[in-house]
Amino acid sequence: MTTLPRPSLSLPGRRSAESPPWGYRARRSLKVMAVYGMVAVALVFFLFPYFWMVVSAFKSPGDVTAYPPVWLFEPTLDNFRELIESMGALSALRNSLIVVGLSTCLALIFGTMAAYALARFNIKGKETIALEILMVRMLPPIVSVIPLFLLARKFGLFDTYWILIAVYTLMGLPFVVWVMRVFVQEIPRSIEEAALVDGCTRLQVLFRISLPLMLPGLAATVVIIFMFAWNEYLFATMLTSSAAKTLPVVAANTVKPRGISWGLASAVGLLMSIPVVVLALLAQRYLVRGLTFGVVKG
Amino acid sequence: MLAPTFIVLTAVGIYPLGYSLWISFNDYHPSNPSFPQGFIWFENYLTAFLDGQARHALGLTAIFTVSSVGASLVIGFALALLFNQRLPGLAIARTLILIPMLVTPIAVGITWRIMFNPDLGVINYLLGLIGIPSQGWLASMNQSLLSVIVVDVWQWTPFMFLILFAGVRSLPRSPFESAAIDGASRAKIFFLVTLPMMRPVILLAVLLRAVDSVRTFDQIFMMTRGGPNQTTDLVSLYLQRVNFKFFDIGYGAALSWLFLILLMAAVIAFIRYSGFLRSAAEKEAR
């Protein structure tokens, strides 16, 4: 029914051209209803868990574990209050913002420089370099977390911002390098050459001419590397203990040996999702490009 | 201009990996009183080849990845075609459907664990309304793997959808028009026109998804920690236990390296087979 990617609505096939117009119209409205029906099913499946998390965040401990589940209840902010007062959510939020913010900036600066060099200058073996950078993306965190943990201890970086900033910068680099490489390639060389002829230095060309043209690409990459660093748990929990603890660690701490605090877990999940959802929806147009390393255009 | 990237890559990426390789040739038990125990050549690797638990974890990871990626490919493709209709309201729905991939994996794991709860969970409640008896889900040995796959499919199908939708959108119109004029059936158009034209995008989406799926840790760690009875004990969870429960760091490093080699071989084989980097390079050359 929906196997035609380009809708046949405007392009009736042979058979529908033969049938009388009223039959065609009836079939068409049936088809529209079927499409909306399937969209509704998809929306329920993909949104219900998120909806449930949001609802549970505002439930009191009695309501959240009630069975059968309650749909109408008196909303409370107690979960958020407890997160701040006894789970250290505020300092974790500060840590998250510092670590994720700094690492995003560093990855952007370093990555854009590398992407520019790879796209514009003749460097030997640049395909290999680009591929090696991409391989970082494929590295399972569980493999690199143990040596990083041991090295962090050795160098006194354990439970500091620096170790997490370094790790998240590394995590973000492949995205920045690959996506920005494509964006740089799309800037016509003639523009830059004209600026060079007019007396700009190479750096001035980068900052005054090319960078403004790359802004959409930068926006998309920022969202993606922000999202991955913001949501990252394994490194955050293994490389910190208390001083540099970030939000995902607080989220995981709501699971205690004697059981999960359902309301608290939902509240922290909701809080953490807000910035990512807002950013991603704002940069939605460019998300595809970022996520596919610039290969697929959105 | 490449220098900063290289410094980060070397110091945070390659150096720790090299350190891990060295550890993998050592008996490294920080919790034992005789620590450090010293160089033992390939003993860790020999142990790994005889480790049934590791093979079990590898098998589970393969099942998990193949079924999760397969299911999200089918659903994601169906959604991409569905949302390609020009009807009012679909643009908003398309945006909303992306939410699962934006939620913190830890929170996803906890939320689904709450919903999967056999006694108080909302899923069993809703199923009860339509007459389906309560299921054990994560607590049941038969359903735990299926349950964690469902969660992975839920979270990452939007990612698949996003890429495939972009692909479907950029398909040229004329081949479909000629096929329709020639009187090809819808099934024929799908299998003989749409699929071949979508091949590069599908391969890329599958590769990116598979690489991420293999590394899945957070959600499953929150939901089952590999249980019950190790029915969801994927490689990443087994490695976590070897390192942080048994403190057998040397052995963990050896397992990590074997896993890494297998993974790289799989990725390279896939890239060779699909020729997807070649097509990307051709695109750049133009």
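Residues numbered from 1 in each chain as written. Chains lettered and ligands numbered in written order. Predicted model: local features only at pLDDT ≥ 70, side-chain atom pairs only at ≥ 80, totals over all residues.

## Topic: the overall build of chain B
Stated formally: Per the convention used, a helix needs a DSSP run of H or I reaching at least four residues, while a strand needs a run of E reaching at least two, with both numbered from the N terminus. Here exposure depends only on C-beta density: within 10 Å of a residue's C-beta, 20 or more other C-beta atoms make it buried, 12 or fewer make it exposed, and intermediate numbers make it partly exposed, the C-beta atoms being placed from the backbone. Once C-beta atoms are placed from the backbone, any two residues with those atoms within 7 Å are in contact.
In terms of helices and strands, chain B carries 14 helices and two strands. Principal-axis analysis of the C-alpha atoms places the extent of chain B at approximately 80 × 60 × 35 Å. Burial analysis of chain B (286 residues in total) assigns 45% to the buried set. For chain B, restricting intrachain contacts to residue pairs at least 6 apart in sequence, the fraction spanning at least 24 positions comes to 69%.

## Here's the deal with the nonpolar core
Defined as follows: Here, a nonpolar core means buried Ala, Val, Leu, Ile, Met, Phe, Trp, Tyr and Cys residues linked by C-beta atoms lying within 7 Å of one another. Each domain's limits were defined by an automated method or a database of domain assignments.
Core analysis: the biggest nonpolar cluster contains 171 residues, and L164, V167, V176 and V268 of chain A together with I163 and L164 of chain B have the highest contact counts within it. Two domains each put at least three residues into this core: domain 1 (8–57) and domain 2 (79–291) of chain A.

## What about the confidence of the model for chain B?
Keep in mind that low pLDDT regions are not for reading the predicted coordinates in detail. Rules: On a range of 0 to 100, pLDDT expresses the predictor's confidence in each residue.
Scored by pLDDT, chain B has a mean of 87; 94% of the residues are at 70 or more. This complex was scored by the predictor with a pTM of 0.87 and an ipTM of 0.88.

## Focus on helix α1 (residues 3–23) of chain B
The criterion, for reference: In this analysis, the expected span of each helix is defined as 1.5 Å times one less than the number of residues it contains. Note on bend: the value at a residue is the angle between axes fitted to the seven residues ending there and to the seven starting there.
Helix length check: α1 of chain B (21 residues) gives 28 Å between terminal C-alpha atoms against 30 Å at 1.5 Å per residue, within 8%. Along α1 of chain B, the sharpest kink reaches roughly 40°, centred on T10 of chain B. Among the residues making up α1 of chain B, those that are buried are T5, V8, L9, V12, G13, P16, S20 and I23 of chain B. Close packing links the buried residues of α1 of chain B with α5 (89–120), α6 (126–138), α7 (141–154) and α8 (161–186) of chain A together with β1 (26–27) and α13 (249–274) of chain B.

## Quick notes on the domain arrangement of chain A
Frequently, the measure chosen for interface size is the accessible area removed from exposure when the parts meet. Residue and element names in this part refer to chain A. So the rule is basically this: Under the convention adopted here, Pro, Cys and the residues Ala, Val, Leu, Ile, Met, Phe, Trp and Tyr are nonpolar, Asp, Glu, Lys and Arg are charged, and Gly plus all remaining residues are polar.
Taken domain by domain, chain A consists of domain 1 (8–57) and domain 2 (79–291). For domain 1 and domain 2, the distance between their C-alpha centroids amounts to 38 Å. Contacts between the two partners involve four residues from domain 1 and, on the opposite side, seven residues from domain 2. Of the residues assigned to the side of domain 1 that touches domain 2, the class counts are three nonpolar, one polar and no charged.

## Re the interface of chain B and chain A
Listed as interface residues are 86 residues of chain B and, on the opposing side, 81 residues of chain A. Across the side of chain B that touches chain A, the residue classes break down as 61 nonpolar, 17 polar and eight charged.

## Brief notes about the environment of A265 of chain B
Counting through the fold element by element, A265 of chain B comes out in helix α13. Through-space distance from the C-alpha of A265 of chain B to that of T111 of chain B is 35 Å; in sequence the pair is 154 residues apart.

## Regarding the environment of R186 of chain B
Residues and elements named next belong to chain B. Counting through the fold element by element, R186 comes out in helix α10 (residues 186–215). Judged by C-beta crowding, with 16 C-beta atoms within 10 Å, R186 ranks as partly exposed. Separated by 78 residues in sequence, R186 and M264 place their C-alpha atoms 39 Å apart.

## Looking at the environment of S213 of chain B
All names here are of chain B. Relative to the assigned elements, S213 resides in helix α10. A sequence separation of 152 residues divides S213 from T61, and the C-alpha atoms of the two residues are 8.6 Å apart. If sequence neighbours within four positions are ignored, S213 has contacts with F64, T65, S68, V69 and D152.

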